[in-house]
2 protein chains.
Amino acid sequence: MSDLLERLRGRGWRLTAQRRVVAEVLDGDHVHYTADEVHARASERLPEISRATVYNTLGELVLLGEVLEVSTDGRAKRYDPNAHHDHHHLVCSQCGTIRDVHIESDPMSALPEPERFGFEVSEVSVTFRGTCPNCARA
Amino acid sequence: MSDLLERLRGRGWRLTAQRRVVAEVLDGDHVHYTADEVHARASERLPEISRATVYNTLGELVLLGEVLEVSTDGRAKRYDPNAHHDHHHLVCSQCGTIRDVHIESDPMSALPEPERFGFEVSEVSVTFRGTCPNCARA
DNA sequence: TCTTGACTTAGACATTGTCCAATGTAGGAT
DNA sequence: ATCCTACATTGGACAATGTCTAAGTCAAGA
Ligand SMILES: [Mn+2]
Ligand SMILES: [Mn+2]
Ligand SMILES: [Zn+2]
Ligand SMILES: [Zn+2]
């Protein structure tokens, strides 16, 4: 994700300590943190970082297409740095754990023209729900 | 939806005026109201109905499987009385309008066994996003 | 080093949803 | 028809998530 910082500088971003730690928190592969989880982890490295800055930075990364917003339940949105590889999500209904999954067919082609109602359809997301192995053992 | 009231009575529900108007508001086909929209519409018929009762009633209807909860964006959940016919959703990214859509392939079968990570997968939802004809004209 | 516009901060505010104690009532019992 | 009572409703406090603003700070080009 160090190239992310390069890309951002290329876009005219000021590279502040706050933006650096947010990028570092999102660095791990396959993480899906809420804004407040990002804030908590960022605060470990930079204790004075504010919630507003975390929200601002996440919003900017989403606009730039570097991070995806995922709303699985009606709870807090989750932020997904895996924005450059198409994938979908498998969510545990009990504990909320999210796994990235790859599917075999193109879901976009499953929507026939007459079912598009004149919309310009640009995006499709598939969310599988179930019980994870951990929760099943309980 | 009058048979809904029958089914509810069969389950031991007390048929109160509040529950009746909530059911009436949800009666129209293909509606996807937020809880507060249901409350606003219910208030037109029964001005003293409280937000708490609307939330309670919607939650109970969801538990009974009579209404589906739909979280498309990170905003308020929407309540979908079309619970007895499998369908998916097409959402306008700009105005939030939701249409019911039917797709051609079974998305559940698109998730290969090795991509299930030991989950017991029970449900799948497909959400298409785009621009509706109304918003495209602007 | 200076300057300046972009960035950050704290906290107020907004929206959505949950919870509780007090009050009301649907529907069975008499 | 009236009474009882467990279930339902109410208003408002509270919680979780997210947005906004005014004042202070700083990255980076001149
Ligand atoms: Mn992901
Ligand atoms: Mn629907
Ligand atoms: Zn789980
Ligand atoms: Zn629209």
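Just so you know, these numbers come straight off a predicted model, no measurement behind them.

Chemist: How would you explain the protein's contact with DNA strand C if you had to name every residue and give the values?
Modeler: Neighbouring DNA strand C are 17 residues, the closest being R14, T16 and T53 of chain A together with R51 and K77 of chain B. Protein-adjacent atoms of DNA strand C, using a 4 Å cutoff, are sugar or phosphate at a proportion of 71%. The side chain of T16 of chain A places a nitrogen or oxygen atom 2.5 Å from a phosphate oxygen of DNA strand C. Separating a phosphate oxygen of DNA strand C from a side-chain N or O atom of R75 of chain B is a distance of 2.9 Å. At the level of secondary structure, the elements contributing two or more residues to the surface near DNA strand C comprise α2 (17-25) and α4 (51-63) of chain A together with α4 (51-63) of chain B.

Chemist: Go over the pairing of strand β4 (residues 88-92) of chain A, please, and point to the residues and values.
Modeler: Within a regular strand, side chains alternate between the sheet's two faces. Residues and elements named next belong to chain A. With 5 of 5 residues buried, β4 lies mostly within the body of the structure. Across the two faces of β4 the burial is the same, with H88, L90 and C92 and H89 and V91 all buried. Inspection of the sheet shows β4 paired to strand β5 (residues 98-101) by 4 bridges, in the antiparallel sense. By the bridge assignment for β5, H89 is matched with D100. Hairpin remark: β4 followed by β5, antiparallel, with 5 residues in the connecting loop; positive phi at G96, about 85°.

Chemist: Quick rundown of the pattern of salt bridges? Include the residues and the values.
Modeler: With the rule as written, the count across this model stands at 17 salt bridges over all chains. Residues E60 of chain A and R19 of chain A are paired through a salt bridge, measuring 3.3 Å at the closest nitrogen-oxygen approach. Residue E60 of chain A is found in helix α4, and its partner R19 of chain A is found in helix α2; the two are separated by 41 residues along the sequence. Judged by its relative accessible area of 28%, E60 of chain A falls in the partly exposed class. Among the ionic pairs, R7 of chain B bridges to E66 of chain B, the shortest N-O distance being 2.8 Å. Taken together, the positions of R7 of chain B in helix α1 (residues 2-10) and E66 of chain B in the loop between α4 and β2 (68-70) put the pair 59 residues apart, joining distant regions of the chain. Shared partners join several salt bridges into a network, and the residues in it are D3, R7, R11 and E66 of chain B.

Chemist: Break down the coordination of the zinc ion (ligand 3) for me, citing the residues and quoting the values.
Modeler: Residues and elements named next belong to chain A. Listed as protein donors to the zinc ion (ligand 3) are C92 (SG), C95 (SG), C132 (SG) and C135 (SG); their distances from the metal cover 2.3 Å. Sequence spacing among the residues donating to the zinc ion (ligand 3) works out to C-x2-C-x36-C-x2-C. Classification of C95 by relative accessible area gives partly exposed; the value is 42%.

Chemist: Can you break down the coordination of the manganese ion (ligand 2) residue by residue, with the values?
Modeler: All names here are of chain B. Summarising the metal site, the manganese ion (ligand 2) is bound by the protein donors H32 (NE2), D80 (OD), H87 (NE2), H89 (NE2) and D100 (OD), whose distances to it range over 2.0 to 2.3 Å. Summarised as a motif, the one-chain spacing of the donors to the manganese ion (ligand 2) is H-x47-D-x6-H-x1-H-x10-D. For the residue pair D80 and H89, the accessibility class agrees, reading buried in each case.

Chemist: Tell me about the nonpolar core, and please be specific about residues and values.
Modeler: One finds V121 and F128 of chain A together with V121 and F128 of chain B to be the most contacted residues of the largest nonpolar core, which totals 26 residues. Among the secondary structure elements, those contributing two or more residues to this core are β4 and β6 (120-131) of chain A together with β4 (88-92) and β6 (120-131) of chain B. Those residues in contact with F128 of chain B that lie beyond four places of it in its chain are P107, M108, L111, V121, E123 and V124 of chain A together with H89, L90, V91, V101 and I103 of chain B.

Chemist: So what's going on with the interface of chain A and chain B? Residues and values would help.
Modeler: In this assembly, 39 residues from chain A lie in contact with 39 residues from chain B. Carbon and sulfur atoms make up 61% of the surface buried where chain A meets chain B, a total of about 3,200 Å² over both sides. The interface formed by chain A and chain B includes 0 salt bridges. The interface formed by chain A and chain B includes 12 residue pairs in polar contact (both at pLDDT 80 or more). Contributions of two or more residues to the side of chain A that touches chain B are made by β4, β5 and β6 of chain A. Broken down by element, the side of chain A that touches chain B gets its largest block of residues, 12 residues, from β6 of chain A. Tallied by class, residues from the side of chain A that touches chain B come to 18 nonpolar, 11 polar and 10 charged. Note that β6 of chain A and β6 of chain B share 11 bridges and pair antiparallel. By the bridge assignment for β6 of chain B, R129 of chain A is matched with E123 of chain B.

Chemist: Any chance you could break down the protein's contact with DNA strand D for me, citing the residues and the numbers?
Modeler: As a structural note, the neighbourhood of DNA strand D is formed by 17 residues, with K77 of chain A together with R14, T16, Q18 and T53 of chain B the closest of them. Counted by atom, the contact set of DNA strand D within 4 Å of the protein is 72% sugar and phosphate. In this structure, Q18 of chain B approaches DNA strand D through a side-chain N or O atom, which is 2.9 Å from a sugar or linking oxygen. Between R19 of chain B and DNA strand D, the recorded distance is 3.0 Å, taken from a side-chain N or O atom to a phosphate oxygen. Every element with two or more residues in the surface near DNA strand D is listed here: α4 of chain A together with α2 (17-25) and α4 of chain B. In terms of residues, the surface near DNA strand D owes the most to one element, α4 of chain A, which gives 3 residues. When grouped by side-chain class, the residues that make up the surface near DNA strand D number 6 nonpolar, 4 polar and 7 charged.

Basis of the calculations
Residues numbered from 1 in each chain as written. Chains lettered and ligands numbered in written order. Predicted model: local features only at pLDDT ≥ 70, side-chain atom pairs only at ≥ 80, totals over all residues. Heavy atoms only, no water. Near = heavy atom within 4 Å. Polar contact = N/O pair within 3.5 Å; in protein donor to acceptor, adjacent residues only side chain to side chain. Helix = DSSP H or I, 4+ residues; strand = E, 2+ residues; numbered from the N terminus. Buried < 20%, exposed > 50% of the residue type's maximum accessible area, 1.4 Å probe, protein only. Pairing = 2+ DSSP bridges. Salt bridge = Lys/Arg side-chain N within 4 Å of Asp/Glu carboxyl O. Donors = N, O, S within 2.8 Å, 3.2 Å for Na, K, Ca; no water. Core = buried A, V, L, I, M, F, W, Y, C linked by side-chain atoms within 4.5 Å. Contact = heavy atoms within 4.5 Å. Buried area = accessible area lost by both parts, 1.4 Å probe. Nonpolar A, V, L, I, M, F, W, Y, C, P; charged D, E, K, R; others polar.

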